[in-house]
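# Architecture at a glance
Here is what each chain is made of, one letter per residue.
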Amino acid sequence: MKRLLLNRKSLKLACLAILFFANSSWSQTVFQETFGSTAVPVASNFAGGTSTPLVSYTTNTAGYSAVGLDASNSGFLNFVSNTATTTGIKVSVSGAFPTGTGLNPVLSANTNLITWTFNMKSSRLSTNSFSASSGYPLNKYFNATVLCSTTGTLLSNGTTPGSGYAVIVQKSSNNTVSGKASIGLIKFSNGIGDVVAEASVLSRLIESPELAQIPVAATPNNLSIKVTYNPTINLWELSYREDPGTIFVDPASGTLNLGGTATNVPPTAPMTSFGYVVGLQSSSSAGNSFQFDNLTISLSPPPAYTAPPVVEKRQALNSALNPTVADLVPGGSTINWYSTLTGGTPIATNTPLSYTNYYASQTINGTESTRVGTQVFVGDTALKTLPLYEGFAGYNVADKLVLMNNGANTLVATNNGVGLGSWSITPSTNITDDVTIAASPSWVNTVLPVATGNALTFVGSGIDPELKFTNTTSGNLFSSFVFTAADVATIVASTTTDPAYSTPTGIYSFLTETTDTATGIVTTGYSSDVMFRKNIATGKFNIGLSKSNNILECVWSPTEFDFNTEHVIVISYENIGDADPLMQTANLWIDPANTTQTTATLSQNNPTTSVSRDHIDRIKLLQASSTSTPTLIVDEIRVADNWAESIGGFNLSTATVSFSGFKMYPNPVSNGKLYIASSSDLEKEVSIFNTLGQQVLQAKITTEAINVSSLSKGTYFVKINEAGTTATKKLIVQ
């Protein structure tokens, strides 16, 4: 009887143990490589002989891969050229894929989740394609951690090159302007590195969002990466993290960002090898190197899985619609939106949206997916009032000036371009490029006030951002900006106009749009269009002026300018709405010497085709041609109805006052009441602007005081208009 009780107890414990292990999350490491702690000389053909790697490796090229030591005396695999005279080095290191450990070399035959974690580092950014010309081009970088391959030949120019999967770090395909990188999971056949029929041999399954850091010699991308393959549903998932410092961080520690997921069926051939592939330049500098470390392959039970929702990388909404979280796509009862990638609680659907990143997950049958990010823009639809100033302050470098939703087109009204501040676009089919925020150069001109904020940059063809302001139906408009132009290889000789020059193209213009109420057709009218053309022989450029964006009627500066030089431009369109088109004049000034208006450098009022404008309501940046538009940096945009405010902003404290008996007091003002008087005591229109040119208060008065108690302490400029006479005075609020 006693024995029977003991057996029952043992049986009970055994059952509990079975239940425990059946419900616990176990993980089995089947391979781990840290590359030991003994350095291998750079000149050695690294085969593991003088270090302590887990397996012996085969390298195709001697002397370009070695085990190096970091500050903690930990080994890592290092690739660097060992001579300054050899070019176009392609190096691969391969080892045996683990077998006999429960990991089936036929990936799809596994019943467990397969996980790879590893570190990799690029001191130079690879190109957009894995290689940039046939064969192995000189002076081109590429790198890959090969997760698995059907043969030990990883390079495409070797004998019997393999097929498999690899992780690469390359220039992002989403943004060729910022120079930032992204991480990609690729499926390859016939090895890696040759672009012959690349589309058929390389398949980019996953590309992560752009990395925050641009890899350069001084600040390489120090990355922790995880890839999982779930054989029950053929699902691949890529996660990553950018780590600070110079020493690799354990890739299995901390939180990783989801780079993306993809469904893909692996080859049926067994995997025999894994390894590392790089393309090196000739220099032996550490700045031309790639490093890899801490590769671990493990098995674990496939988790309950819910696919992440399909989320657009960009969502642009209009502030006039007062958008909330409920307006984000996708929506529905299974979708939760968060303000962070991990942790936190779902955001209430009635929460107003702002310009930031949001993260969505979906829950199906009680299982929540990982979160996927989207960048949200909420455009400010309020019209700018004149005078206006755009110094691109408050925008981050590499931000898109205008955001287009994925798949935007002229037929989908919700996909209209929404931009930073009050920038927007008129929808068109040309949404292939972005104008981006750039760091402001150190402008040296003495005409414009000292620059604030950032700048913007664009090149070639693409979207044309607009900045709308209060509709002007009479009088004159002036606008100034500063720019530099950098030559690009895509600028070529014209085949339709003068072959001595590139095709003339507009870069900046006043604009008017008129909608036919009967047909809905929108007519665009350019006014005072700043034109550009390159002299192919001299390598310099001209600045031109067209009253209406007609290149055949464009007039050109007699001076040619060097690329990469700073220039201040002022344009005007005068006598808007005049019944005689010849009285409506376009003018352009190049590098005015001071803030006093002088004779225009270029003027046009008699084009072959009669041109007149009854209103102007915006300025427009033009990305008109992939073969004509240089790389431009544009900054310090001002628009006003007079020269002084357009060229000098609000640095007008010395402005003369012609009102009889004019008084503005007290100044400084501290009690919230400002008095403005004149002998005539006629009605005065008063506008107050901050130092950025933003109107902060407007009123019409005769003798009564203006309440300025809402203004913060600081310097302002007060513009007073009485009976057609205008004066501007500086105001100090204490």
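All values reported here derive from a predicted model rather than from experimental measurement. (Residues numbered from 1 in each chain as written. Predicted model: local features only at pLDDT ≥ 70, side-chain atom pairs only at ≥ 80, totals over all residues. Heavy atoms only, no water.)

## Let's talk about the overall build of the protein chain
Applicable threshold: The way it works is that DSSP assigns letters per residue, a run of H or I at least four long becomes a helix, a run of E at least two long becomes a strand, and they are numbered from the N terminus. Throughout this description, buried means an accessible area under 20% of the type-specific maximum (1.4 Å probe, protein chains only), exposed means over 50%, and partly exposed covers the range between. We call two residues contacting when some pair of their heavy atoms lies within 4.5 Å. Note that accessible areas follow from Shrake-Rupley with a 1.4 Å probe, and for residues the cover is restricted to the protein chains shown.
From N to C terminus, the protein chain includes three helices and 44 strands. Counting across all 734 residues of the protein chain, residues that qualify as buried make up 50%. Pairs at least 24 apart in sequence give 67% of the contacts found in the protein chain among residues at least 6 apart. For the protein chain, the exposed area adds up to about 31,400 Å²; of that, 52% sits on carbon and sulfur atoms.

## Regarding the pattern of salt bridges
Heads up, the condition is: Salt bridge, as applied in this entry: a Lys or Arg side-chain nitrogen positioned within 4 Å of an Asp or Glu carboxyl oxygen.
Enumeration according to the criterion identifies 10 salt bridges in this entry. In this structure, Asp243 and Arg241 form a salt bridge, with 2.5 Å as the shortest nitrogen-oxygen distance. One continuous salt-bridge network, built from bridges that share partners, spans Glu466, Glu513, Asp617, Arg618 and Lys620.

## With respect to the packing of aromatic side chains
We apply this condition: Only centres within 6.5 Å qualify two rings of Phe, Tyr or Trp (six-membered ring in Trp) as a pair; their planes then separate them into stacked at under 30 degrees, edge-to-face at over 60, and tilted for everything else.
Counted by the stated rule, this structure contains 21 aromatic pairs. With 4.9 Å between their ring centres and 65 degrees between their planes, Phe31 and Phe274 make a pair best called edge-to-face. One end of the pair, Phe31, is in strand 1 (residues 28–33); the other, Phe274, is in strand 14 (residues 273–280), with 243 residues separating them in the sequence. On the basis of an interplanar angle of 45 degrees and a centroid distance of 5.0 Å, the ring pair of Tyr276 and Phe292 is categorised as tilted.

## A short note on unusual backbone geometry
Geometrically, the link from Val329 to Pro330 is a cis peptide bond, its omega value of 5 degrees lying close to zero. The peptide bond linking Asn667 to Pro668 adopts the cis configuration, its omega dihedral lying at 10 degrees. By the secondary structure assignment, Pro668 is in the loop between strand 38 (663–665) and strand 39 (673–677). The phi dihedral of Asn234 falls on the positive side, at around 55 degrees, and the residue is not glycine.

## Regarding the environment of Ile491
Note that Ile491 resides in the loop between strand 28 (475–486) and strand 29 (505–515). Once residues within four sequence positions are removed from consideration, Ile491 is found in contact with Ser502, Phe532, Lys534, Thr627, Ser628, Thr629 and Pro630.

## A word on the side chain of Ser502
To keep things clear, this is the line we draw: Whenever a nitrogen or oxygen atom comes within 3.5 Å of another N or O atom, the pair is scored as a polar contact, on the condition that within protein one atom can donate a hydrogen and the other can accept it, and that pairs from neighbouring residues in sequence are kept only if both atoms are in side chains.
Here Ser502 is to be found in the loop between strand 28 and strand 29. On the basis of relative accessibility, which here comes to 1%, the residue Ser502 falls in the buried class. In this structure the side chain of Ser502 is engaged in a polar contact, spanning 2.9 Å, whose partner is the backbone nitrogen of Lys534. Apart from the residues lying within four places of it in its own chain, the contact partners of Ser502 are Ile491, Val492, Ala493, Ser494, Arg533, Lys534 and Ile536.

## What to know about the confidence of the model for the protein chain
Here is the rule we go by: As a per-residue measure, pLDDT tells how confident the predictor is, with possible values from 0 to 100.
When pLDDT is averaged across the protein chain, the result is 81; 81% of the residues are at 70 or more. Here helix 1 (residues 2–23) stands out as the least confident element of the protein chain, with mean pLDDT 34; strand 31 (residues 541–546) is the most confident, with 97. The model gives residues 1–24 a pLDDT under 50, and that stretch makes zero contacts with residues more than four places away or in other chains.

## Digging into the environment of Ser354
Tracing the sequence through the fold places Ser354 in the loop between strand 17 (335–338) and strand 18 (356–364). On a C-alpha basis, the gap between Ser354 and Leu317 in space is 9.6 Å, while along the polypeptide they are 37 residues apart. Non-local contacts of Ser354, meaning those with residues more than four positions away in its chain, are made with Val376 and Val378.

## Side note on the pairing of strand 6 (residues 113–122)
To keep things clear, this is the line we draw: In this description, strands pair whenever DSSP reports at least two bridges between them.
Most of strand 6 is tucked away: 10 of the 10 residues are buried. Going residue by residue along strand 6, you find Leu113, Thr115, Thr117, Asn119 and Lys121 tucked away on one face and Ile114, Trp116, Phe118, Met120 and Ser122 tucked away on the opposite face as well. Bridge analysis of strand 6 against strand 15 (residues 290–300) gives nine bridges, and the strand direction is antiparallel. Each residue of the ladder has a partner; that of Met120, found in strand 15, is Phe292. Where strand 6 meets strand 11 (residues 221–230), nine bridges bridge the pair, whose relative direction is antiparallel. Each bridged residue has a counterpart across the sheet, and for Ile114 the counterpart in strand 11 is Tyr229.

## Looking at the sheet that holds strand 38
The sheet built from three strands is open, its strands ordered 38-39-42 with antiparallel pairing. Edge strands, defined here as strands with exactly one partner in the open sheet, are strand 38 and strand 42 (706–707). Pairing analysis gives three bridges linking strand 38 to strand 39, with the strands arranged antiparallel. Counterpart to Lys663 in the pairing with strand 39 is Ala677.

## Focus on the environment of Pro465
Summarising the element assignment, Pro465 is placed in the loop between strand 26 (455–458) and strand 27 (466–472). Spatially, the C-alpha atom of Pro465 lies 5.8 Å from that of Lys620, the residues being 155 residues apart in sequence. Setting aside residues no more than four positions away along its own chain, Pro465 makes contact with Leu401, Val402, Trp423, Ser424, Ile425, Val435, Ile619, Lys620 and Leu621.

## A few points about the pairing of strand 20 (residues 372–379)
Note: strand 16 (residues 314–318) against strand 20, five bridges, orientation parallel. Bridge pairing links Ala316 to Phe377 in strand 20. Looking at chain direction, strand 18 and strand 20 are connected through five bridges and run antiparallel. By the bridge assignment for strand 20, Tyr358 is matched with Thr374.

## Observations concerning the nonpolar core
Using the following cut-off: Residues enter a nonpolar core if they are buried and are Ala, Val, Leu, Ile, Met, Phe, Trp, Tyr or Cys, with the set joined through side-chain atoms within 4.5 Å.
Counting residues in each nonpolar core, the largest one holds 50 residues, and the members touching the most others are Leu401 and Trp423. Within the second largest apolar cluster, 47 residues are counted, among which are Phe97, Val167, Phe290 and Phe292.

## What about the side chain of Ser687?
Among the structural elements, Ser687 can be located in strand 40 (residues 684–689). Other than its neighbours up to four places away in sequence, Ser687 contacts Gln695, Leu697, Gln698, Phe717, Val718 and Lys719.

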